[in-house]
Amino acid sequence: MIETIEKRLKELEQRVAAAAGRAGRDPSEITIVGVTKTHPASAARDAARAGLLDLGENYVQEARAKIEAAGQGVRWHLIGPLQTNKAKYAVRLFHLIHTLDRPKLAKELDRRAAKAGVCQKVLIQVNLTGKEQRAGVSPEGLRELAELAASLENIELLGLMTVPPFLPAEEVRPYFAELRRIRDRAASWSIEGTSFRELSMGMTADFEVAIEERATLVRVGTAIFGERSYT
Ligand SMILES: *Cc1c(COP(=O)(O)O)cnc(C)c1O
């Protein structure tokens, strides 16, 4: 319901502003990406009407109807893993893909973006868990992937994203701080044509900590749309 979403969004914006204030930051540096996954297309439409114009989905297929329902003026973010064979759809649907994590996907996004006549904005997802089965490039692999992305005409690298292990908010702070350090180091490489200004980190449970650690994009689902049910 739109009234519920409006109310939750207001509360969320206040918490974002308070966290920004604690870190001496301007709240306008922080974009809330409303994560609609598992919620109906009407939730995306209501969010857009309530003025939330950045929305996120984990899967291309699930996003389609919501992108349609939310209408013009909404920037859609892909925040889940992208299969190479879905790149051709993703470049037409998403303003920003947060989950670039391998060379093959970079090349395919570039090729598909060229065909679609667009320049695809991307973030590189970094895996800080040390567990190989988790999504994202390892910190050691970041430079090579960033240089590849920079060399491709039709993709534009804007920053980094991470999903920390599932832990209480204060225990994830070191992961957010680490992504920020990695970002600062990456920025010092001065790779032409790229920027590392965006840091996508923080969800409902820990976005305030992420903002204190300089997140610019927080991906918030539950605090706006309520609990998810996976039935
Ligand atoms: C689902 C999801 C979110 C939002 O999670 P909430 O806890 O509901 O805020 C953020 N980021 C990613 C990558 C997700 O999969």
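The coordinates are above.
Now for a look at the structure at hand. (Residues numbered from 1 in each chain as written. Predicted model: local features only at pLDDT ≥ 70, side-chain atom pairs only at ≥ 80, totals over all residues. Heavy atoms only, no water.)

### Examining the overall build of the chain
Stage number 1. If you tally the helices and strands in the chain, you get nine helices and eight strands.
Stage number 2. Against the 2.2 N^0.38 benchmark of 17 Å for 231 residues, the chain shows a C-alpha radius of gyration of 17 Å, consistent with a compact globule.
Stage number 3. Its C-alpha atoms put the chain at 45 × 40 × 35 Å along the principal axes.
Stage number 4. Every one of the 231 residues in the chain was classed for burial, and the buried ones make up 50%.
Stage number 5. Carbon and sulfur atoms make up 48% of the accessible area of the chain, which totals about 11,100 Å². (Helix = DSSP H or I, 4+ residues; strand = E, 2+ residues; numbered from the N terminus. Rg over C-alpha atoms; globule rule 2.2 N^0.38 Å. Buried < 20%, exposed > 50% of the residue type's maximum accessible area, 1.4 Å probe, protein only. Areas by Shrake-Rupley, 256 points an atom, 1.4 Å probe, with all protein chains shown as cover.)

### As for the side chain of His98
Stage number 1. For His98, the location among the structural elements is in strand β4 (residues 96-100).
Stage number 2. Of the polar contacts made by the side chain of His98, one reaches the side chain of Ser200; its length is 2.9 Å. (Polar contact = N/O pair within 3.5 Å; in protein donor to acceptor, adjacent residues only side chain to side chain.)

### What to know about the nonpolar core
Buried together is how nonpolar side chains tend to be arranged in soluble globular proteins.
Stage number 1. Leu109 and Ile124 are the most contacted members of the largest nonpolar core, which has 66 residues in total.
Stage number 2. A per-element tally of this core places helix α1 (residues 2-22) first, with six residues.
Stage number 3. One finds Val33, Leu123, Leu158 and Met161 within the second-largest nonpolar core, a separate group that totals six residues. (Core = buried A, V, L, I, M, F, W, Y, C linked by side-chain atoms within 4.5 Å.)

### Digging into the site of the ligand
Stage number 1. Inspection of the region around the ligand gives Val35, Lys37, Asn58, Ile79, Val163, Met203, Thr204, Arg219, Val220, Gly221, Thr222 and Arg228 as its neighbouring residues.
Stage number 2. With respect to the ligand, the side chain of Lys37 contributes an N or O atom lying 2.6 Å from an oxygen atom.
Stage number 3. Protein burial of the ligand: of its 390 Å² of free accessible surface, 89% is covered by the chains.
Stage number 4. Tallied by class, the residues present in the shell around the ligand amount to five nonpolar, four polar and three charged. (Near = heavy atom within 4 Å. Nonpolar A, V, L, I, M, F, W, Y, C, P; charged D, E, K, R; others polar.)

### Details of unusual backbone geometry
Stage number 1. Phi at Thr38 is positive, roughly 70°, even though this residue is not glycine.
Stage number 2. Among the secondary structure elements, Thr38 is positioned in the loop between β1 (31-35) and α2 (41-49).

### Re α2
Stage number 1. Among all positions of α2, only Ala43, Ala44, Asp46, Ala47 and Ala48 are buried.
Stage number 2. Looking at the packing, one finds that the buried side of α2 touches α1, β2 (54-57), α3 (60-70), β3 (75-78) and α9 (222-225). (Contact = heavy atoms within 4.5 Å.)

### Notes on the environment of Leu160
Stage number 1. Examined against the element boundaries, Leu160 turns out to sit in strand β6 (residues 155-161).
Stage number 2. Leu160 gets classed as buried once you look at its relative accessible area, which sits at 0%.
Stage number 3. Through-space distance from the C-alpha of Leu160 to that of Met201 is 8.6 Å; in sequence the pair is 41 residues apart.
Stage number 4. Excluding residues that lie within four positions of it along the chain, Leu160 makes contacts with Leu123, Ile124, Val126, Leu142, Leu179, Ile182, Arg183, Phe196, Glu198, Leu199 and Ser200.

### Some remarks on the layout of surface pockets
Any empty space left between atoms is shown by rolling a water-sized probe over those atoms.
Stage number 1. Space inside the largest pocket adds up to approximately 670 Å³.
Stage number 2. Around the largest pocket, the lining is made up of 31 residues, and of these Lys37, Val163, Pro164, Met203 and Arg219 lie nearest the centre.
Stage number 3. Class assignment for the residues of the lining of the largest pocket results in 17 nonpolar, eight polar and six charged. (1 Å grid on protein atoms, 1.4 Å probe; cavity = no way out; pocket = protein on both sides within 12 Å on 5 of 7 lines; lining within 4 Å. Points joined across faces, edges and corners; volume = space filled by probe spheres on them.)

### Topic: the pattern of salt bridges
Stage number 1. In total, this model carries 19 salt bridges according to the counting rule given.
Stage number 2. Two residues, Arg102 and Asp101, come together in a salt bridge whose shortest N-O distance is 2.8 Å.
Stage number 3. Each member of the salt-bridge network shares a partner with another, and the members are Arg22, Glu170, Arg173, Glu212 and Glu213. (Salt bridge = Lys/Arg side-chain N within 4 Å of Asp/Glu carboxyl O.)

### Some words on the pairing of β6
Stage number 1. Most of β6 is tucked away, with six of its seven residues classed as buried.
Stage number 2. Two elements, strand β5 (residues 120-125) and β6, share six bridges in a ladder whose sense is parallel. Looking at β6, one finds that Gln125 is bridged to Met161.
Stage number 3. The β-α-β motif built from β5, the intervening helix α6 (residues 142-151) and the parallel element β6 has right-handed crossover chirality.
Stage number 4. As judged from the three bridges shared by β6 and strand β7 (residues 198-200), these two strands associate in the parallel manner. (Pairing = 2+ DSSP bridges. Right-handed = clockwise from strand over helix to strand, strands pointing away.)

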